[in-house]
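Examining the three-dimensional arrangement
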Amino acid sequence: MYALETKGLSVDFNGFKALTDLDFTLEKGELRVILGPNGAGKTTFMDLVTGKTKPTKGEILFNGKKITRMSPSDISSMGIGRKFQGPNLFENLTVTENLEIAYKGSNGVFSSLLFRKKKEMKNQLEEILYQIGLYERRYDDAAVLSHGQKQWLEMGMLLAQDPELVILDEPTTGMTAEETFKTGELVQSIFKGRSVIVVEHDMAFVRQIAKKVTVLHQGQHLAEGSLAQVERNKKVQEVYLKEETHA
Ligand SMILES: Nc1ncnc2c1ncn2[C@@H]1O[C@H](COP(=O)(O)OP(=O)(O)OP(=O)(O)O)[C@@H](O)[C@H]1O
């Protein structure tokens, strides 16, 4: 059984075909990178999987269960977590408080959790703080973190939700080369054992983390395979060459 499968997935926005007949499969525990030029349909695809956008046609299966047309909150509670590109944390709360809010089963910092539950949460969040390299910063407000650290905190928040499938939308946007490299290491270590989809443009980062890559173009599946295989693919080369000529 696949972690994620789509069959004939299509969406059109008032006649504009943003995604057409997409058949896609992701194995459990697999890390997949989705590539494609601007407007290829990558974000739209992730919006469909997370229930933010409803398909015009087709099906989405998560662990073999149909999630097509389910609400974003139901999909999230089934175990699909997503980190958006932009900052999405509480600047005025501390690093730890941000993790507490994200923690699976928590109703926020003000909820009266049972003592044992609280201890369990504390241990798990401490572990996450170490994993994302922010243990020393745990009492600092999120606002004073660097751009890279904020992104890593958000990855920790995602981890705190304990999702089976993790979706990362362009996680290295705005990062220095050094931060980008560290993000690559984090993505590979902290989400180990989970299924992961990463949408990304930065080729150094893609080279660092990618095993299998799916290339979308104009809402359609263009190529799939190892990075070396898709880079050799004539159709892929044409699409990216055109992009560069237009740039
Ligand atoms: N709600 C919407 N209404 C109309 N058109 C939309 C909507 N959402 C996306 N589109 C169009 O669908 C196409 C695919 O967009 P999408 O954002 O999925 O591409 P992308 O591959 O994520 O691109 P980028 O790399 O620039 O983020 C674009 O042409 C976009 O303008």
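Residues numbered from 1 in each chain as written. Predicted model: local features only at pLDDT ≥ 70, side-chain atom pairs only at ≥ 80, totals over all residues.

Digging into the packing of helix H5 (residues 147–160) against helix H6 (residues 177–190)
Put simply, the rule reads: Axis angles are defined between N-to-C directions and span 0 to 180 degrees, where every axis is a line fitted to C-alpha atoms and, for a helix, only to the segment in contact. Secondary structure elements are defined from DSSP: runs of H or I of at least 4 residues count as helices, runs of E of at least 2 residues count as strands, and each element is numbered from the N terminus. Should an angle fall under 35 degrees it is called roughly parallel, over 145 degrees roughly antiparallel, and 65 to 115 degrees roughly perpendicular, with every other angle called oblique. For the purpose of contact definition, each residue receives a C-beta atom placed from its backbone, and two residues are in contact when these atoms lie within 7 Å. Only Asp, Glu, Lys and Arg are considered charged in this grouping, and only Ala, Val, Leu, Ile, Met, Phe, Trp, Tyr, Cys and Pro are considered nonpolar; every other residue, Gly among them, is considered polar.
The geometry of H5 relative to H6 is characterised by a closest axis approach of 11 Å and an angle of 10° between their N-to-C directions. Between H5 and H6, the interaxial angle falls into the category roughly parallel. Contacts between H5 and H6 involve Gly148, Gln151, Trp152, Met155 and Leu159 from the first element and Glu179, Lys182, Thr183, Leu186 and Ile190 from the second. Within the contact of H5 with H6, the residues separate by chemical class into 5 nonpolar, 3 polar and 2 charged.

Considerations on unusual backbone geometry
Glycine aside, the phi torsion of most residues is negative, and most peptide linkages are trans. At Asn14, a position not held by glycine, the phi torsion is positive, near 45°. As for its position among the elements, Asn14 is in the loop between strand S1 (4–13) and strand S2 (16–26).

Points about the site of the ligand
Under the convention used in this document: A residue counts as near a molecule or strand when its C-beta atom, positioned from the backbone, falls within 6 Å of it.
For the ligand, the full set of nearby residues is Phe13, Phe16, Ala18, Gly36, Asn38, Gly39, Ala40, Gly41, Lys42, Thr43 and Thr44. Those elements that provide at least two residues to the shell around the ligand are S2 and helix H1 (42–49). Looking at which element gives the most residues to the shell around the ligand, the answer is H1, with 3 residues. Here the residues of the shell around the ligand sort into 4 nonpolar, 6 polar and 1 charged.

Details of the sheet that holds strand S3 (residues 31–35)
Quick reminder of the rule: Note on pairing: two strands pair once DSSP finds at least 2 bridges between them.
The strand order S6-S7-S8-S3-S9-S10 describes an open sheet built from 6 strands, whose pairing is mixed. Two strands bound the open sheet, and with one partner strand each, they are strand S6 (80–83) and strand S10 (220–225). Between one strand axis and the next, the sheet turns through 20° on average, direction left out of account. As defined by bridge partners, S3 adjoins strand S8 (residues 195–199) across 4 bridges and the pair is classed as parallel. Across the sheet, residue Leu31 finds its bridge partner in S8, namely Val196.

A word on the nonpolar core
We apply this condition: Residues enter a nonpolar core if they are buried, belong to Ala, Val, Leu, Ile, Met, Phe, Trp, Tyr or Cys, and are joined to the set through C-beta atoms within 7 Å. Buried means a residue has 20 or more other C-beta atoms within 10 Å of its own C-beta, exposed means 12 or fewer, and partly exposed covers the counts in between; C-beta atoms are placed from the backbone.
Val49, Leu99, Leu153, Ala160 and Ile167 are the most contacted members of the largest nonpolar core, which totals 60 residues. Among the elements that make up this core, the one with the highest residue count is H5 (7 residues). With near-sequence residues (within four places) excluded, Ile167 lies in contact with Met46, Val49, Thr50, Ile80, Gly81, Arg82 and Ile197.

Examining the confidence of the model for the protein chain
Rules: Every residue carries a pLDDT, the predictor's confidence in it, which falls somewhere between 0 and 100.
In this model, the protein chain carries a mean pLDDT of 92, and residues with pLDDT of at least 70 account for 94%. For the protein chain, the element scoring lowest by mean pLDDT is helix H9 (residues 234–246), at 80; strand S4 (residues 57–62) scores highest, at 98. Predicted complex metrics record ipTM = 0.94 and pTM = 0.92.

So, H1
In terms of residue burial, H1 counts as a mostly covered element, since 7 of its 8 residues are buried. One or two residues past the end of H1 sits Gly51, with phi positive at roughly 85°.

Topic: the environment of Thr96
By the element assignment, Thr96 lies in helix H3 (residues 95–102). Sequence separation between Thr96 and Glu126 is 30 residues; the distance between their C-alpha atoms is 8.5 Å. Beyond its immediate chain neighbours, meaning those up to four positions away, Thr96 contacts Leu125, Arg138 and Tyr139.

So, the pairing of S8
The element S8 is largely enclosed, with a buried count of 5 among its 5 residues. Burial of the side chains of S8 extends over both faces: Ser195, Ile197 and Val199 are buried on one face and Val196 and Val198 on the other. In this structure, strand S7 (residues 165–169) lies alongside S8, joined through 5 bridges in parallel fashion. Across the sheet, Val166 pairs through a bridge with Val196, a residue of S8.

Concerning the packing of H3 against H5
Applied cut-off: If you view the pair so one helix is near and one far, a crossing is left-handed when the near helix is turned anticlockwise from the far one by less than a right angle, and right-handed when it is turned clockwise.
Packing of H3 against H5 leaves a shortest axis separation of 8 Å and a crossing angle of 35°. As H3 packs across H5, the resulting crossing turns out to be right-handed. Note on element contacts: H5 touches H3 through Leu153, Gly156, Met157 and Ala160, opposite Val95, Asn98, Leu99 and Ala102. The residue makeup of the contact of H3 with H5, split by class, is 6 nonpolar, 2 polar and no charged.

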